[in-house]
Amino acid sequence: MDLVQSSRKLISDMIQLAGSQMKLFLMDAETTPTVSCAFAQSEVMQKEVYIFDRIENKTSSENIKNLKCIVFVRPTAQNIERLVKELQDPRFSQYYLYFTNTINKYDVKRLAESDKNETVREVQEVFLDGIPLRKDLFTMNLNHIFDSSFSVKESEAERIKSGIIALLLQLRKAPAVRYQKTSSNCKKIADEVAQFIRRENGLFENAKSDTTLLVIERSQDIATPLLNQWTYEAMIHEMLTLTNNRCTCTDQSIVLSELHDDFFAKNIISNFGEIGQNIKTLISEFQEKKHINKNLESIQDMKKFVEDYPQFKKISGTVSKHVTLVGELSNLIQKHNLLEISECEQTIVSEGDQNKCVNKIRTLLKSPKTREVDILRLVLLYAIRYEGTQNELESLYRQLGPHRSKIEQTVKALLSYGGSRRRPADLFGGQSTIDITKRFIKGLKGVENIYTQHSPYLKTIIELCQRGRLDNYPLLSNDCDRMDNIIVFIVGGATYEEAAFVRSLNERRAQGFGGPAVVLAGNCMLNTKSFLDEFTNLDRSTGAI
């Protein structure tokens, strides 16, 4: 299951069907990132597409009759209305209409009636209704999906259902549909997906029954989005924010694509120390070839080297931008004391010695380097970890000064959403003899990297799925013939820590270690800021917060 390659094929087929004449590619706000994550613009231009535009940008009434127009949009009421007007007064010689999902018969009839000039050559549903960030990672850029009672809003639930259905059809899978038993949001979405598969069984005629779809909710694990990250892609998203594989660093817009960036592809889930060493190795190899002798003891040394030797930048392709990125990440780590803060986070979620945790938090709250977001994440993690026990939360609140009111409200909201009543009892490790023994042995052996001790709860869920122990995930459809694939959709958003775990599973499978292939999907990609925004912006008038 390779989302990027299947997306590239679908888009290539659209362009190819329009023939060899010069073409314009017309998209909407949601399909634009789908195309940009699957192709570089230069690649599409090689297919004789010379103009890219958005369907809402009809800025010119000028007719361009020498161009064919490829339209790739979601089948929304607004887009249908725009197309009706376009076809009534066509600017291009031919139109090829591609919709990301199912389009109803009434809308097809309206389009046909508008096409008085018979310019439409093709109308197709291509089922590409989301963004393929990686071959095993899918998102919709859909934020703020909850109402004040933590139910998914109607329009957002419909959008999520449509995205899941398109994902299944894109991958040609007719899955066993399961959902998190404790989540009414998941039950509703999964039930509508299962009903669609039964009702529109003709669409799934050639689909394989070798997949389990698990619809779960973020409320099962609210700790993971709150942690600082130390694998490359996850760090970039946490500290700089990735949007559609792009981030802004030192006023530069940087694209991070596996397709066109070998260094990034090889280092996506490398930890921070490994990345710096890998960059240094590449520079050292260049120095040997050019007989250059310069000591590289720091990230700053590497940045200066790249500036002084433009020929390295030329032959190394994309590596120089990673020197810039790693330099900025290093600055932020030092400026905001993130190593010490992250060590405290890991102590809270992985060790559980409450006295040790409280003392560490109190020390960090006093530090002038500690940002408000880090104060918030430490107090939240403590509140989640020790909810329902005798704890020092009130004394920590008293230490917060002007931040107290905001943090108390956010803690209350997060515990209402993902507290002990709504999350699994073993989020921070089970209390069985086997679980306790595992933690004890881990403690004796020591930990290779204290900053990456934590494992997301998704690991437990996938392990349960592999063993067939899915009592807490009821089945809404026929079971799969065999489970070669698992698609996990997280209502409320996925994280890059979870994406790194999924990638490591798929890499082990590719190396011959077995296990099902896994695709991770969610309505959005979370970092701490976007996760907290979801709960600090809910309507407080209902008293939910």
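Since the structure is predicted, the reported quantities are computational estimates derived from the model, not experimental observations.

### Quick notes on the packing of helix α20 (residues 457–467) against helix α21 (residues 496–513)
Interaxial distance between α20 and α21 falls to 9 Å at its minimum, and their mutual angle equals 40°. Classified by the angle between their axes, α20 and α21 sit oblique to one another. Of α21, the residues touching α20 (which contributes Leu-458, Lys-459 and Ile-462) are Glu-498, Phe-501, Val-502 and Leu-505. Across the contact of α20 with α21, the residue classes tally to 5 nonpolar, no polar and 2 charged.

### Overview of the sheet that holds strand β2 (residues 49–54)
The strand order β2-β1-β3-β4-β5 describes an open sheet built from 5 strands, whose pairing is parallel. With partners counted over all chains shown, the strands left at the sheet margins are β2 and β5 (120–125), one partner each. Looking at each pair of strands side by side, their axes are set apart by 20° on average, direction ignored. Relative to strand β4 (residues 92–99), strand β3 (residues 64–73) runs parallel, the two sharing 7 bridges. From the neighbouring strand, Cys-69 faces β4, where its bridge partner is Tyr-95. Its contacts with the sheet place helix α1 (residues 3–17) against β1 (23–27), β2, β3, β4 and β5, and it is angled at close to 135° to β1.

### A word on the packing of aromatic side chains
Throughout the structure, instances matching the rule amount to 13 aromatic pairs. With 5.4 Å between their ring centres and 50° between their planes, Phe-150 and Tyr-417 make a pair best called tilted. Here Phe-150, found in the loop between β7 (137–139) and α6 (154–171), pairs with Tyr-417, found in helix α18 (residues 404–418); they are 267 residues apart in sequence, far enough to count as distant. The burial state of Phe-150 is the same as that of Tyr-417; both residues are buried. On the basis of an interplanar angle of 50° and a centroid distance of 5.0 Å, the ring pair of Tyr-382 and Tyr-386 is categorised as tilted. In this structure, Tyr-382 and Tyr-386 share a single accessibility class: buried. Three or more aromatic residues joined by ring pairs form one cluster here, namely Phe-146, Phe-150, Tyr-417, Phe-531 and Phe-535. Over the ring of Phe-39 we find Arg-8, and its NZ or CZ is 4.5 Å from the ring centre.

### Quick word on the domain arrangement of the chain
Partitioning the chain into domains gives domain 1 (3–127), domain 2 (132–221 + 456–534) and domain 3 (232–336). The C-alpha centroid of domain 3 is placed 33 Å from the C-alpha centroid of domain 2. For the domain 2 and domain 3 pair, buried surface summed over both sides reaches about 1,200 Å², with 45% attributable to carbon and sulfur atoms. Run the count over domain 2 and domain 3 and you get 2 salt bridges. Scanning the region where domain 2 abuts domain 3 turns up 11 residue pairs in polar contact (both at pLDDT 80 or more).

### Details of the sheet that holds strand β14 (residues 517–522)
The 6 strands are arranged β6-β7-β14-β12-β9-β8 in an open sheet whose pairing can be described as mixed. If you trace the sheet from one side to the other, it starts and ends with β6 (131–134) and β8 (176–179), each paired once. Going from strand to strand, the sheet's axes swing by 20° on average, the running direction of each strand aside. Note that β7 and β14 share 3 bridges and pair parallel. Bridged to Thr-139 within β14 is Gly-522.

### Let's talk about unusual backbone geometry
Of note in this structure, Arg-172 is not a glycine but carries a positive phi near 60°. The topology assignment puts Arg-172 in the loop between α6 and β8.

### Topic: the pairing of β3
Counting buried residues in β3 gives 7 out of 10 residues, a clear majority hidden from the surface. As defined by bridge partners, β1 adjoins β3 across 5 bridges and the pair is classed as parallel. Paired with Met-27 across the two strands is Phe-72, which belongs to β3. Handedness of the β3-helix α4 (residues 77–88)-β4 crossover: right-handed.

### Some details on a nonpolar patch on the surface
A surface patch of nonpolar side chains, amounting to about 260 Å² of accessible area, comprises Met-22, Tyr-50 and Ile-51. Structurally, the position occupied by Met-22 is in the loop between α1 and β1. We classify Met-22 as partly exposed; its relative accessible area is 38%.

### Regarding the nonpolar core
Core analysis: the biggest nonpolar cluster contains 135 residues, and Leu-214, Ile-236, Ile-279, Leu-325, Val-488 and Leu-520 have the highest contact counts within it. Those residues in contact with Leu-520, other than ones at most four positions away along the chain, are Asp-136, Leu-137, Phe-138, Leu-458, Val-488, Ile-490, Ala-494, Thr-495, Glu-498, Ala-499 and Val-502.

### Here we look at the pattern of salt bridges
All chains considered together, the criterion is met by 33 salt bridges. With a shortest N-O distance of 2.9 Å, Lys-9 and Asp-13 are connected by a salt bridge. One end of the pair is Lys-9 and the other is Asp-13, both in helix α1 and 4 residues apart, which spans about a single turn. Taking relative accessible area as the criterion, Lys-9 reaches 53% and is therefore assigned exposed. With relative accessibility at 34%, the residue Asp-13 sits in the partly exposed group. Residue Glu-392 pairs with Arg-362 through a salt bridge whose shortest N-O separation is 3.4 Å. Of this pair, Glu-392 sits in the loop between α16 (372–385) and α17 (393–398) while Arg-362 sits in helix α15 (residues 354–366), placing them 30 residues apart in sequence. On the basis of relative accessibility, which here comes to 25%, the residue Arg-362 falls in the partly exposed class. In this structure, a network of salt bridges that share partners links the residues Glu-238, Glu-345, Arg-371, Asp-374 and Arg-377.

About the cut-offs
- Residues numbered from 1 in each chain as written.
- Predicted model: local features only at pLDDT ≥ 70, side-chain atom pairs only at ≥ 80, totals over all residues.
- Heavy atoms only, no water.
- Axes fitted to C-alpha atoms, helices over the stretch in contact; angles between N-to-C directions.
- Helix = DSSP H or I, 4+ residues; strand = E, 2+ residues; numbered from the N terminus.
- Parallel < 35°, antiparallel > 145°, perpendicular 65-115°, else oblique.
- Contact = heavy atoms within 4.5 Å.
- Nonpolar A, V, L, I, M, F, W, Y, C, P; charged D, E, K, R; others polar.
- Pairing = 2+ DSSP bridges.
- Phe/Tyr/Trp six-rings, centres within 6.5 Å; stacked < 30°, edge-to-face > 60°.
- Buried < 20%, exposed > 50% of the residue type's maximum accessible area, 1.4 Å probe, protein only.
- Lys NZ or Arg CZ within 6 Å of the ring centre and 35° of its normal.
- Domains from an automatic or database assignment.
- Buried area = accessible area lost by both parts, 1.4 Å probe.
- Salt bridge = Lys/Arg side-chain N within 4 Å of Asp/Glu carboxyl O.
- Polar contact = N/O pair within 3.5 Å; in protein donor to acceptor, adjacent residues only side chain to side chain.
- Right-handed = clockwise from strand over helix to strand, strands pointing away.
- Patch = residues over 30% accessible without salt bridge, like charges linked within 9 Å, V, L, I, M, F, W, Y side chains within 5 Å.
- Areas by Shrake-Rupley, 256 points an atom, 1.4 Å probe, with all protein chains shown as cover.
- Core = buried A, V, L, I, M, F, W, Y, C linked by side-chain atoms within 4.5 Å.

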